[in-house]
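Architecture and fold: a report
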Amino acid sequence: MPPLEAALQALETAQAQLMAAYPGDFARLETLGQIRAEAMKNLLQLTDHSAWSPDQLARLKRVHLGGILAVQRISAERQFLCEELSLLNQQSQVVSGYRNGSQPV
């Protein structure tokens, strides 16, 4: 298999693993993101010495768009978790206020 094709397949595999991961598992996402970044770096090192076929360019574009989608999924999950934490904090303040006999904030 030509090196460019092997590198592209490695990137596609890393991208698929990243997309399959739960967006709230930030530690796993970090690891998979680093694997994807390394695969992208390896692919980019071959770009000056290889000719890209139209199929390979289309596959690279899909990986790129998938990367954008992955970032959006992670951002949405982070926003959701921040909102949940804020709600839990508000609820704990209310409960704490009732326990202390004071009015809720």
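Structure: above.
In this text the structure is predicted, and so the values were computed from the model without any measurement.

1. Thoughts on the side chain of Gln-56
Secondary-structure assignment places Gln-56 in helix α3 (residues 54–99). Of the polar contacts made by the side chain of Gln-56, one reaches the side chain of Glu-5; its length is 2.9 Å. Excluding its chain neighbours within four sequence positions, the residues that come into contact with Gln-56 are Leu-4, Glu-5, Leu-8 and Ala-51.

2. Remarks on the pattern of salt bridges
Scanning the entire structure with this criterion turns up three salt bridges. Here Arg-59 makes a salt bridge to Glu-5, at a shortest N to O gap of 2.9 Å. Of this pair, Arg-59 sits in helix α3 while Glu-5 sits in helix α1 (residues 3–20); the two residues are 54 residues apart in sequence, bridging distant segments of the chain. Here Arg-59 matches Glu-5 in class, with each residue buried.

3. Quick notes on the packing of α1 against α3
Two elements in contact, α1 and α3, have axes whose closest approach is 10 Å; the angle formed by their N-to-C orientations is 25°. Classified by the angle their axes make, α1 and α3 are roughly parallel. The way α1 lies across α3 gives a crossing that is left-handed. Of the residues in α3, those in contact with Leu-4, Glu-5, Leu-8, Gln-9, Leu-11, Glu-12, Gln-15, Leu-18 and Met-19 of α1 are Gln-56, Arg-59, Leu-60, Val-63, Gly-66, Gly-67, Leu-69, Ala-70 and Arg-73.

Reading guide: rules and limits
Residues numbered from 1 in each chain as written. Predicted model: local features only at pLDDT ≥ 70, side-chain atom pairs only at ≥ 80, totals over all residues. Heavy atoms only, no water. Helix = DSSP H or I, 4+ residues; strand = E, 2+ residues; numbered from the N terminus. Polar contact = N/O pair within 3.5 Å; in protein donor to acceptor, adjacent residues only side chain to side chain. Contact = heavy atoms within 4.5 Å. Salt bridge = Lys/Arg side-chain N within 4 Å of Asp/Glu carboxyl O. Buried < 20%, exposed > 50% of the residue type's maximum accessible area, 1.4 Å probe, protein only. Axes fitted to C-alpha atoms, helices over the stretch in contact; angles between N-to-C directions. Parallel < 35°, antiparallel > 145°, perpendicular 65-115°, else oblique. Left-handed = near helix turned anticlockwise from the far one by under 90°.

As far as function goes, none of this settles anything; it's purely spatial.
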